[in-house]
Amino acid sequence: MGYDDLKQHAKDIRKKIILMLNKAGSGHTGGSLGMADVFAALYFRVFEKSIHTDKEDRDRFILSNGHINPVWYAALAEAGFIPEKELMTLRQVNSRLQGHPANIDIPLVELSTGSLGQGFPASVGLAIGYKMDKKKSHVFVGLGDGEMEEGSIWEALMAGAHYKLGNLIAFVDRNMVQQAGKTEEMMALDPLKDKVEAFNWTVYEADGHDFKQIIDTFEKAKNNKKGPSFIIFHTHMGQGVSFVLDNFEWHGVAPDDKQKEQALKEIEEK
Ligand SMILES: Cc1ncc(C[n+]2csc(CCOP(=O)(O)OP(=O)(O)O)c2C)c(N)n1
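In this text the structure is predicted, and so the values were computed from the model without any measurement.

Caption draft 1: Structural context of the overall build of the chain. Broken down by element type, the chain carries 10 helices and 7 strands. A compact globule built from 270 residues would reach a C-alpha radius of gyration of about 18 Å, and the chain, at 17 Å, matches this within 12%. With the C-alpha coordinates aligned to their principal axes, the bounding extent of the chain is approximately 50 × 45 × 35 Å. Relative to its 270 residues, the chain shows a buried fraction of 48%. Taking contacts inside the chain between residues at least 6 apart in sequence as the whole, the part at least 24 apart equals 75%.

Following this line, the structure appears as structure tokens:
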């Protein structure tokens, strides 16, 4: 699939995020919009058929920063794994689609997450299992930069390198903001690349809104067999919608009806 098609999918994913969050009346708009390009690339290029199977040794994906699940559910609907109209049940009682990912019969949702700092260590465990069983499959795990303030993230980094997990690819949404402010003001992470390299991971950096860079970087990480890979995706919270852009106050706020209309217009025109 070419970059123009990917752009169209990312646009559709962003529109779905706006529509589902407006209907729900609550949820995480900023981070979800910011990762729409990475998720379009994941589901329409990077994973190809590797996770689209019920085989035990499929590639696995875990969303450790579970609060941005609107982008995941929108991508799953865009790729045909969940019915599009089900998106409008987000956060409703008895819906499969709750405010954070729940491993309750939703295709490709491997683990319930949302409590920050839990998904990444679990992905290390999965990768150790695949390595012990000599499987060729990969484990992918998405993180938030604010999430990296959790101590368990650094334990997982230690373990991933210790066990030389060439089958593990972690990527972080480096949007420089978190729930209540800028990451560098709340708990500085930089120099992030140096820190993760010091934990013996191979670290890549890429523009998380550039499809060529996103896909090339995932490709490099897949080919790196000597140990675990860590991708820093430089992104903008709210990418595609001017009044959400880089604004941490949109971390966990849903668009009202007027904001929904403006957001859909801007996404369409971009
Ligand atoms: C253990 C735990 N503590 C606190 C929270 C509440 N919480 C949800 S998201 C978030 C901020 C995370 O920041 P980041 O990963 O940068 O997300 P972004 O704002 O970029 O979407 C917090 C504190 C949580 N879900 N889990």
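Now that the structure is up, let's keep going.
Caption draft 2: Looking closely at the nonpolar core. If you look at the biggest cluster of nonpolar residues, it comprises 78 residues, and the most contacted ones within it are Phe39, Ala40 and Val71. Looking at this core, the element that brings in the most residues is helix H3 (residues 36-46), giving 9 residues. Those residues in contact with phenylalanine 39 that lie beyond four places of it in its chain are Ile13, Val71, Trp72 and Ala75.

Caption draft 3: Representation of the sheet that holds strand S3 (residues 168-174) within the structure. The 5 strands lie next to each other as S1-S2-S3-S7-S6, forming an open sheet whose pairing is parallel. Both outer strands of the open sheet, strand S1 (60-63) and strand S6 (202-207), are each paired with one neighbouring strand and no more. Strand-to-strand twist in this sheet, taken as the mean axis angle between neighbours without regard to direction, amounts to 20 degrees. Strand contacts of helix H5 (residues 119-132): S1, strand S2 (139-144) and S3, with the helix running at about 165 degrees to S2, the strand carrying the most contacts.

Caption draft 4: Quick look at the site of the ligand. Taken together, 20 residues sit near the ligand, with Gly31, Leu116, Gly144, Gly146 and Gln178 positioned nearest. Looking at the shell around the ligand, the elements with two or more residues in it are helix H2 (29-34) and strand S4 (177-178). For the shell around the ligand, the class distribution of residues is 4 nonpolar, 13 polar and 3 charged.

Caption draft 5: Layout of the environment of alanine 254. Looking at the element boundaries, alanine 254 is found in the loop between strand S7 (229-234) and helix H10 (257-269). The buried category is assigned to alanine 254, around which 22 C-beta atoms lie within 10 Å. Once the C-alpha coordinates of alanine 254 and methionine 20 are considered, the two residues, 234 residues apart in sequence, prove to be 9.1 Å apart. The contacts of alanine 254, once residues within four sequence positions are left out, are Leu21, Asn22, Ala24, Gly25, Ser26, Gly27 and Thr29.

Caption draft 6: How the structure looks around the pairing of S7. By the criterion of burial, S7 is predominantly enclosed, with 5 of the 6 residues buried. Two elements, S3 and S7, share 6 bridges in a ladder whose sense is parallel. By the bridge assignment for S7, phenylalanine 171 is matched with isoleucine 231. Note that the unit made of S6, helix H9 (residues 211-223) and S7 has a crossover that is right-handed.

Caption draft 7: How the structure looks around the environment of arginine 58. Locating arginine 58 in the fold gives a position in the loop between H3 and S1. It is 9.0 Å that separates the C-alpha atoms of arginine 58 and valine 139, two residues lying 81 residues apart in sequence.

Caption draft 8: Here's a closer look at the pairing of S1. Going residue by residue along S1, you find Arg60 and Ile62 tucked away on one face and Phe61 and Leu63 tucked away on the opposite face as well. Taken together, the 4 bridges between S1 and S2 define a ladder with parallel strand orientation. Following the sheet pairing, arginine 60 is matched in S2 by valine 139.

Caption draft 9: Representation of unusual backbone geometry within the structure. Aspartate 190 connects to proline 191 through a cis peptide bond whose omega is 0 degrees. In this structure, proline 191 sits in the loop between helix H7 (183-186) and helix H8 (192-198). You will see that leucine 108, though not glycine, has its phi angle at about 75 degrees, which is positive. By the secondary structure assignment, leucine 108 is in the loop between helix H4 (69-78) and H5.

What counts, and at which threshold
- Residues numbered from 1 in each chain as written.
- Predicted model: local features only at pLDDT ≥ 70, side-chain atom pairs only at ≥ 80, totals over all residues.
- Helix = DSSP H or I, 4+ residues; strand = E, 2+ residues; numbered from the N terminus.
- Rg over C-alpha atoms; globule rule 2.2 N^0.38 Å.
- Buried ≥ 20, exposed ≤ 12 C-beta atoms within 10 Å, placed from the backbone.
- Contact = placed C-beta atoms within 7 Å.
- Core = buried A, V, L, I, M, F, W, Y, C linked by C-beta atoms within 7 Å.
- Pairing = 2+ DSSP bridges.
- Axes fitted to C-alpha atoms, helices over the stretch in contact; angles between N-to-C directions.
- Near = placed C-beta within 6 Å.
- Nonpolar A, V, L, I, M, F, W, Y, C, P; charged D, E, K, R; others polar.
- Right-handed = clockwise from strand over helix to strand, strands pointing away.

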